Amino acid sequence: MRPLIVGNWKMNGTQATCAQLASAIAADTRNNPAPADVVLAPPFTGLLPVREAIRNTPIKLAGQNCHWEQSGAFTGEISPAMLKDCGCEFVIIGHSERRHILGEADEVIAKKLKAAGETKLRSILCVGETLAERQSDETQDIIQRQLELALKDQPKAVIESLDIAYEPIWAIGTGQNATVDQASEVHECIRQFLRRSLDEGDAKQMRILYGGSVNPQNAAALLEASGVDGLLVGGASLKPETFLPIVHSAK
Ligand code: PGA
């Protein structure tokens, strides 16, 4: 499976700095083709400048979130159709910062996945456990429950346009990444869950990314870990000098 490397810029950057960062990444991949699929997720205000900067490259654009309706009285929200209109092919759904800081529940995440899939956006569904849950040995139960609630009764079109990101919450932005063994164990558990719950073909084509304090030093080892099909990168995706070595560490 070709690895997928996603840069999640979170709430960072002006239109100008987003364009600059995307241009540097685009220029590198023009001269030195990336050994992975590369997706950039700027803040909403950066989508159009980034779309312009990555034109004529294989780099793809993602939203960091979307609403479950396509339009209407939802002040402050953005719809899957609006993301599509800005050139997005992907959307991140259920990131732990949205679950934990903004109170997004599993039911809401399932509705968003459905709306994104119906709009032909490919979703990157984030799952992950807190430190307390890991310490009390609940990691696998928590992840399976998040997957179950997100995927339950989803139409086939939604399942077919889905990738998963395992992001242990204790590893996000902390500088403390999961070890290769910890990542492999959970990735294997996710793959088994997918095999049990979905058609074989659907379960097989989903990429399972690791996210949480990925940096140029640990990227190659994490990408080589069994069951890891790509990376979701936060902090280290904000500079070309840290993001590009991660992209090129894919084989
Ligand atoms: P981080 O963030 O790489 O800064 O830990 C990852 C993420 O939240 O997707």
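Residues numbered from 1 in each chain as written. Predicted model: local features only at pLDDT ≥ 70, side-chain atom pairs only at ≥ 80, totals over all residues. Heavy atoms only, no water.

What follows is about the pattern of salt bridges. The full count for this structure, using the stated rule, is 14 salt bridges. Between aspartate 37 and arginine 207 there is a salt bridge, with the nearest N and O atoms lying 2.9 Å from each other. Residue aspartate 37 is located in strand β2 (residues 37-41), and its partner arginine 207 is located in the loop between α10 (200-205) and β7 (208-211); the two are separated by 170 residues in the primary sequence. For aspartate 37, a relative accessible area of 27% gives the class partly exposed. Between lysine 156 and aspartate 202 there is a salt bridge, with the nearest N and O atoms lying 2.8 Å from each other. You can see lysine 156 sitting in helix α8 (residues 156-160) and its partner aspartate 202 sitting in helix α10, a full 46 residues away along the chain. One salt-bridge network, held together by shared partners, links Lys156, Glu160, Asp199 and Asp202. (Salt bridge = Lys/Arg side-chain N within 4 Å of Asp/Glu carboxyl O. Helix = DSSP H or I, 4+ residues; strand = E, 2+ residues; numbered from the N terminus. Buried < 20%, exposed > 50% of the residue type's maximum accessible area, 1.4 Å probe, protein only.)

The next thing to look at is helix α7 (residues 139-151). Given a rise of 1.5 Å per residue, 13 residues ought to cover 18 Å, and the 18 Å separating the end C-alpha atoms of α7 matches this to within 8%. Along α7, the residues that are buried comprise Thr139, Ile142, Ile143, Gln146, Leu147, Ala150 and Leu151. In a view along the axis of α7, the buried residues occupy a sector of 145 degrees, so they form one face of it. Phi turns positive, to about 60 degrees, at aspartate 153, one or two residues after α7. (Expected span 1.5 Å × (residues − 1). Arc of directions from axis to C-beta.)

Next up on the list: the packing of aromatic side chains. Counted under the stated rule, the structure contains 1 aromatic pair. When the ring centre of tryptophan 68 is taken as origin, the NZ or CZ atom of lysine 111, which lies over that ring, is 4.1 Å away. (Phe/Tyr/Trp six-rings, centres within 6.5 Å; stacked < 30°, edge-to-face > 60°. Lys NZ or Arg CZ within 6 Å of the ring centre and 35° of its normal.)

This part covers the packing of helix α1 (residues 15-31) against helix α12 (residues 240-248). At a closest axis distance of 10 Å, the pairing of α1 and α12 adopts a crossing angle of 35 degrees. Our pair here, α1 against α12, has a crossing hand that is right-handed. Contacts between α1 and α12 involve Leu21, Ala24, Ile25 and Asp28 from the first element and Pro240, Phe243, Leu244 and His248 from the second. Split by residue class, the contact of α1 with α12 holds 6 nonpolar, 1 polar and 1 charged. (Axes fitted to C-alpha atoms, helices over the stretch in contact; angles between N-to-C directions. Left-handed = near helix turned anticlockwise from the far one by under 90°. Contact = heavy atoms within 4.5 Å. Nonpolar A, V, L, I, M, F, W, Y, C, P; charged D, E, K, R; others polar.)

This next bit is on the pairing of strand β4 (residues 90-93). Neither face of β4 is left uncovered, since the one carrying Phe90 and Ile92 and the one carrying Val91 and Ile93 both have all their residues buried. Taken together, the 2 bridges between strand β3 (residues 60-63) and β4 define a ladder with parallel strand orientation. Note on β4: the bridge partner recorded for alanine 62 is phenylalanine 90. In this fold, β3 hands off to helix α3 (residues 80-85), which returns the chain to β4; that crossover is right-handed. Sheet topology places β4 next to strand β5 (residues 122-127); 4 bridges connect them, and they run parallel. Directly across from valine 91, in β5, lies its bridge partner serine 123. (Pairing = 2+ DSSP bridges. Right-handed = clockwise from strand over helix to strand, strands pointing away.)

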